[in-house]
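# Structure at a glance
Here is what each chain is made of, one letter per residue.
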Amino acid sequence: LEEEINNCQEQYEQNRSFEIQLGSLSRKLDAQMSINDQLNAANDELNTELLCCRNTRVELNADVENLQQSCQEKEEKIKCLESKMATLEEEINNCQEQYEQNRSFEIQLGSLSRKLDAQMSINDQLNAANDELNTELLCCRNTRVELNADVENLQQSCQEKEEKIKCLESKMATLEEEINN
């Protein structure tokens, strides 16, 4: 009986030890379950965040694709604009050449205009001189007509005088002949 009591006592102490261990394991289990609940909650949050990240990644991928397409369109637009710029620069260079050529023409026109003005002034002087010469020529012609008339009158007068001289010489010859006779 003592032995049974000792066995019971050992059993009791062993049970007590098991109870203590069970209490400790129960508390540890509760703590682990609490941690597990927290981990599950954190896991749910992470899964939610992961889902959100995946959705964001899908959206970002779509945004990246849109941006790449937009960038490609912009690159094409830049190429187009660069081409237009090159064309415009060429046109500007052509315009600059045209401007310089026009400037050269303006200088030549100015020079020709001054020469023309000088020539017109000379022509005006020549016209004035011609007018004077024409007036003088008209005067000379009138004088020549008058002189021709005077010469004609003088020739006629001279002829008449020659005839008169011949007549007088003839009369003198006749008178001398009469005197000599």
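A brief look at the structure comes next.

Conventions we followed
- Residues numbered from 1 in each chain as written.
- Predicted model: local features only at pLDDT ≥ 70, side-chain atom pairs only at ≥ 80, totals over all residues.
- Heavy atoms only, no water.
- Helix = DSSP H or I, 4+ residues; strand = E, 2+ residues; numbered from the N terminus.
- Rg over C-alpha atoms; globule rule 2.2 N^0.38 Å.
- Buried < 20%, exposed > 50% of the residue type's maximum accessible area, 1.4 Å probe, protein only.
- Areas by Shrake-Rupley, 256 points an atom, 1.4 Å probe, with all protein chains shown as cover.
- Disulfide = S-S within 2.5 Å.
- Salt bridge = Lys/Arg side-chain N within 4 Å of Asp/Glu carboxyl O.

### Comments concerning the overall build of the chain
A tally of helices and strands in the chain yields 1 helix and 0 strands. The C-alpha atoms of the chain give 73 Å as radius of gyration, which overshoots the globular expectation for 181 residues (16 Å, by more than 25%). In the chain, which comprises 181 residues, the proportion classed as buried is 0%. When the accessible area of the chain is evaluated, it comes to approximately 17,000 Å², of which 54% is carbon and sulfur surface.

### Some details on the state of the cysteines
Overall, the coordinates contain 0 disulfides when judged by the stated rule. Free cysteine C52: the closest other cysteine sulfur is in C53, separated by 6.1 Å. Cysteine C139 remains unbridged, with the sulfur of C140 as its closest cysteine sulfur at 6.2 Å. Classification of C139 by relative accessible area gives partly exposed; the value is 46%.

### Some thoughts on the pattern of salt bridges
Charged atoms that come close allow side chains of opposite charge to pair. The tally for this structure, following the rule as stated, stands at 2 salt bridges. Ionic pairing is found between E19 and R16, a salt bridge with its closest N-O pair at 3.2 Å. Remark: R16 and E19 occur in helix α1 (residues 2–180); sequence separation between them is 3 residues, near one turn of the helix. For the salt bridge of E106 with R103, the shortest nitrogen-to-oxygen distance reads 3.1 Å. Placement of the pair is E106 and R103 together in helix α1, with a separation of 3 residues, close to one helical turn. Accessibility expressed as a relative area gives 41% for R103, which makes it partly exposed.

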